[in-house]
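Report on the structure
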Protein chains: 2
Amino acid sequence: MSLLCVGSVALDTLEGPFGRHEDVLGGAASFFSTAASFFAPVSLVAVVGADFPEAHVEFLAGRGIDTRGLARAAGRTFRWGGRYSDDLARRETIFTELGVFEVFDPTLPDGYRDAPFVFLANIDPDLQRRVLEQARAPRFVAADTMNFWIGGKREALLKTLARVDLLVINDEEARQLAEDSSLLVAATRIRAMGPRSVVIKRGDAGAVLYAGEEIFAVPGYPLENAVDPTGAGDAFAGGLMGTVARAGSADAETLRRAVVYGSVMGSLAVEGLGLDRLIRLRASEIEERFARFRELVRFA
Amino acid sequence: MSLLCVGSVALDTLEGPFGRHEDVLGGAASFFSTAASFFAPVSLVAVVGADFPEAHVEFLAGRGIDTRGLARAAGRTFRWGGRYSDDLARRETIFTELGVFEVFDPTLPDGYRDAPFVFLANIDPDLQRRVLEQARAPRFVAADTMNFWIGGKREALLKTLARVDLLVINDEEARQLAEDSSLLVAATRIRAMGPRSVVIKRGDAGAVLYAGEEIFAVPGYPLENAVDPTGAGDAFAGGLMGTVARAGSADAETLRRAVVYGSVMGSLAVEGLGLDRLIRLRASEIEERFARFRELVRFA
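The rules behind the values
- Residues numbered from 1 in each chain as written.
- Chains lettered and ligands numbered in written order.
- Predicted model: local features only at pLDDT ≥ 70, side-chain atom pairs only at ≥ 80, totals over all residues.
- Heavy atoms only, no water.
- Helix = DSSP H or I, 4+ residues; strand = E, 2+ residues; numbered from the N terminus.
- Rg over C-alpha atoms; globule rule 2.2 N^0.38 Å.
- Buried < 20%, exposed > 50% of the residue type's maximum accessible area, 1.4 Å probe, protein only.
- Contact = heavy atoms within 4.5 Å.
- Areas by Shrake-Rupley, 256 points an atom, 1.4 Å probe, with all protein chains shown as cover.
- Lys, Arg positive; Asp, Glu negative; His and termini not counted.
- Charge placed at Lys NZ, Arg CZ, Asp CG, Glu CD.
- Salt bridge = Lys/Arg side-chain N within 4 Å of Asp/Glu carboxyl O.
- Polar contact = N/O pair within 3.5 Å; in protein donor to acceptor, adjacent residues only side chain to side chain.
- Nonpolar A, V, L, I, M, F, W, Y, C, P; charged D, E, K, R; others polar.
- Pairing = 2+ DSSP bridges.
- Axes fitted to C-alpha atoms, helices over the stretch in contact; angles between N-to-C directions.
- Least-squares fit on C-alpha atoms with pLDDT ≥ 70 in both.
- Core = buried A, V, L, I, M, F, W, Y, C linked by side-chain atoms within 4.5 Å.
- Phe/Tyr/Trp six-rings, centres within 6.5 Å; stacked < 30°, edge-to-face > 60°.
- Lys NZ or Arg CZ within 6 Å of the ring centre and 35° of its normal.

1. Notes on the overall build of chain A
Helix and strand counts for chain A stand at 11 helices and 13 strands. Relative to the globule expectation of 19 Å for 300 residues, the C-alpha radius of gyration of chain A, 18 Å, shows essentially globular dimensions. With the C-alpha coordinates of chain A rotated into their principal frame, the extents come out at 60 × 40 × 35 Å. Taken across its 300 residues, chain A has 61% of its residues classed as buried. Here the contacts in chain A between residues at least 6 apart in sequence split such that 63% fall between residues at least 24 apart. Surface exposure of chain A reaches about 11400 Å², of which carbon and sulfur atoms provide 48%. Of the side-chain charges in chain A, 34 are positive and 41 negative, and the distance between the mean point of each set is 4 Å.

2. Notes on the side chain of Thr34 of chain A
Residues and elements named next belong to chain A. Within the secondary structure, Thr34 sits in helix α1 (residues 28-36). Assessed through its relative accessible area of 0%, Thr34 is described here as buried. In this view, Thr34 contacts Phe59, Leu60, Arg63, Ile65, Leu275 and Leu278; residues no more than four positions away in its chain are not counted.

3. Comments concerning the environment of Ala300 of chain B
For Ala300 of chain B, the location among the structural elements is in the segment after α11 (283-297). With 241 residues separating them along the chain, Ala300 of chain B and Phe59 of chain B place their C-alpha atoms 44 Å apart. Discounting residues that sit within four places of it in the chain, Ala300 of chain B has contacts with Glu253, Arg257, Phe290 and Arg294 of chain A.

4. Structural notes on the interface of chain A and chain B
Taken together, the contact pairs 27 residues of chain A with 27 residues of chain B. Our count for the chain A to chain B interface comes out at 6 salt bridges. Seen at the junction of chain A and chain B, the total is 12 residue pairs in polar contact (both at pLDDT 80 or more). When residues in the side of chain A that touches chain B are grouped by element, the largest group, 6 residues, is from helix α11 (residues 283-297) of chain A. Looking at the side of chain A that touches chain B residue by residue, the classes come out as 15 nonpolar, 1 polar and 11 charged.

5. Section: the pairing of strand β10 (residues 166-170) of chain A
Here is the key point about a regular strand: its side chains alternate between the two faces of the sheet. All names here are of chain A. Extensive coverage of β10 is indicated by the burial of 4 of its 5 residues. By the bridge criterion, 2 bridges tie strand β9 (residues 140-143) to β10 in an arrangement that is parallel. Directly across from Ala143, in β10, lies its bridge partner Leu167.

6. Considering the sheet that holds strand β7 (residues 91-97) of chain A
Residue and element names in this part refer to chain A. Taken together, the 4 strands give an open sheet; going across it, the order is β3-β2-β6-β7, and neighbouring strands pair in mixed fashion. Of all the strands in the sheet, the pair left with one neighbour each is β3 (19-26) and β7. This sheet shows a mean twist of 20 degrees between the axes of neighbouring strands, independent of strand direction. Examined bridge by bridge, strand β2 (residues 10-16) and β3 share 6 bridges and lie antiparallel to one another.

7. So, the relation of the copies chain A and chain B
Superposition of the two copies of the chain requires a rotation about an axis and a shift along the axis. Least-squares fitting of chain A to chain B yields an RMSD of 0.0 Å, with the transformation described by 0.0 Å of translation along the axis and a rotation of 180 degrees. In short, the pair behaves as if placed about a two-fold rotation axis. Both copies share a contact surface, since 100% of the interface residues of chain A are interface residues in chain B too.

8. Details of the nonpolar core
Residues Leu240 and Met265 of chain A together with Leu240 and Met265 of chain B are the most contacted members of the largest nonpolar core, which totals 205 residues. Leave out the neighbours within four places in its chain, and Met265 of chain A touches Ala35, Phe38, Phe39, Ala235, Gly239, Leu278, Leu281 and Ile286 of chain A.

9. Quick word on the pattern of salt bridges
Per the counting criterion, the structure on display carries 56 salt bridges over all chains. Where Arg256 of chain B meets Glu295 of chain A, a salt bridge forms, and the shortest distance between an N and an O atom there is 3.3 Å. Residue Arg256 of chain B is found in helix α9 (residues 252-269), and its partner Glu295 of chain A is found in helix α11; the two belong to separate chains. Relative accessible area serves as the criterion here: at 1%, Arg256 of chain B is assigned to the buried category. Judged by relative accessible area, Glu295 of chain A falls into the partly exposed class, the value being 35%. A salt bridge links Asp165 of chain B to Arg196 of chain B, with the shortest nitrogen-to-oxygen separation between them at 3.1 Å. On the criterion of sequence distance, the pair formed by Asp165 of chain B in the loop between α5 (154-161) and β10 (166-170) and Arg196 of chain B in the loop between α7 (183-192) and β11 (197-201) is long-range, its members being 31 residues apart.

10. Quick notes on the packing of aromatic side chains
The description of an aromatic ring pair uses the distance of the two centres, along with the angle that the planes make with each other. Within this structure, the stated rule accounts for 20 aromatic pairs over all chains. Measuring from ring centre to ring centre gives 5.8 Å for Phe78 of chain A and Phe101 of chain A, while their planes differ by 70 degrees; the resulting arrangement is edge-to-face. Here Phe101 of chain A lies in the loop between β7 and β8 (117-120) and Phe78 of chain A lies in the loop between β5 (70-72) and β6 (79-84), a separation of 23 residues in the sequence. Each member of the pair, Phe78 of chain A as well as Phe101 of chain A, carries the same accessibility label: buried. Geometrically, the ring pair formed by Tyr221 of chain B and Phe293 of chain B is tilted, given 5.2 Å between the ring centres and 45 degrees between the ring planes. Of this pair, Tyr221 of chain B sits in the loop between β13 (214-218) and α8 (232-247) while Phe293 of chain B sits in helix α11; the two residues are 72 residues apart in sequence, bridging distant segments of the chain. The two residues Tyr221 of chain B and Phe293 of chain B agree in class, both being buried. Three or more aromatic residues joined by ring pairs make a cluster, and in this case those are Phe39, Phe216, Tyr261 and Phe290 of chain A together with Phe299 of chain B. When the ring centre of Phe38 of chain A is taken as reference, the NZ or CZ atom of Arg63 of chain A above it lies at 3.7 Å.

Any functional reading would require information that these geometric values do not contain.
In structure tokens, the structure reads:
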């Protein structure tokens, strides 16, 4: 079943042990859509500027992603620059240029409004909600957010969260949102804000799903060749929601498997610069990594 | 089969959100032996001072632990003081008084020298090796160590490691020992120092076993009631080596299960002050927690 995603499409400048690379295709929605496209039909809602290379649009369309919702506006594409430490453990933002995102008012094209599954990637919570309001009757809505909105637009974020079924969020942001250092307490508090379920992403320590009375945990994948963590969390969400959309259900068993596929896509994304690894990914490699996760946690 | 353990028996002063408690039974060997005693017969090698309460010896003996190797020397018992942050995430050492450990020269009593399984808990690597030299033909030797010895007695530690089958070590110490920030690289380098297998303890992020070509990971247990992390790593090692001794084997499947039982005992230990939780632990609670770990990582 189809999966609607709204979020940023960006041109990233990345610095780290991998060198310096300018204007690389990035943004949460790019990573999410590309990852999810291996699992289900994706409809993308975002905006780019006049300077956005047509080749990137062709790449996304080539992945089967519906790009009718990718608006092109006068002005510059959203740009983000980040610098990683040599061990990739720390990242600092060098610059953020909102560009055309400053005036973005998303309008869903025909056919998008009936998407049963919706992912609100990390953008202004007011924009997330505007997309949600145009969806007719989504069956399952997931969202991500970041420290910038938790700190700066908390009220707007809480309004969005009230309408979300699953929040996918990293550990530091979960602690910030819930104002508690315990992830278990944080998950409980966040679930009182609206989402029935929460997935907390812990980087190389894996991910934890809190759903109903259940807790499900996946350890981090032991990566031999970590290149660039940019977008790993969005690829994780793409694998997760892609699995839900493919199954047509977000029941407890599907959510567990979805968190593993999320971990598969997140760990793969880290193996290349920007989207490189996902661009050259074969479907069989996803199943191989999934089998390795099964072996990683197996015990008798 | 029986399990020999050498390490510290101490009186701890603990400060944290749980208050302040003086002269609590502690030390790596106390936690290890108590945890392991639920799985296999344990022979303890350590030293205490004239001031050590007889009731603590009676407790250990009451757990079926062979305390003939627990020497009593003139002088004060080893004492350690630690202070935890309110969220238990950080710990500082307030004081360390070696006391009778300054002149400890372990001698194995009759019957200890044939123990097939040996655990060298965190003490001076020269002492670890002196115990090992008295063991006749141990089938499987595991060891722990800490930053103090990695930094201060590296050569002695490397001599000990050359005779160890499994190193059980926390993440920061693994990085320090291997001089690399990647845990995968660290595990590979440590295995080149002698141990065929390495278990890296990651606190609330779980534990990872590197053995042969296999990697096995257990996520951290979502604790609702974390009280005091003191000794959790030693209780982990006790559950791990207790499982190996009970099985009479350290084959790959046993090691996987042993890491889960280690995680069980470590997570239980955190639920009480010092040894409190392990003191009042029932064997059925161990199996319940093991079943919860199975449920925690289950997916179809």
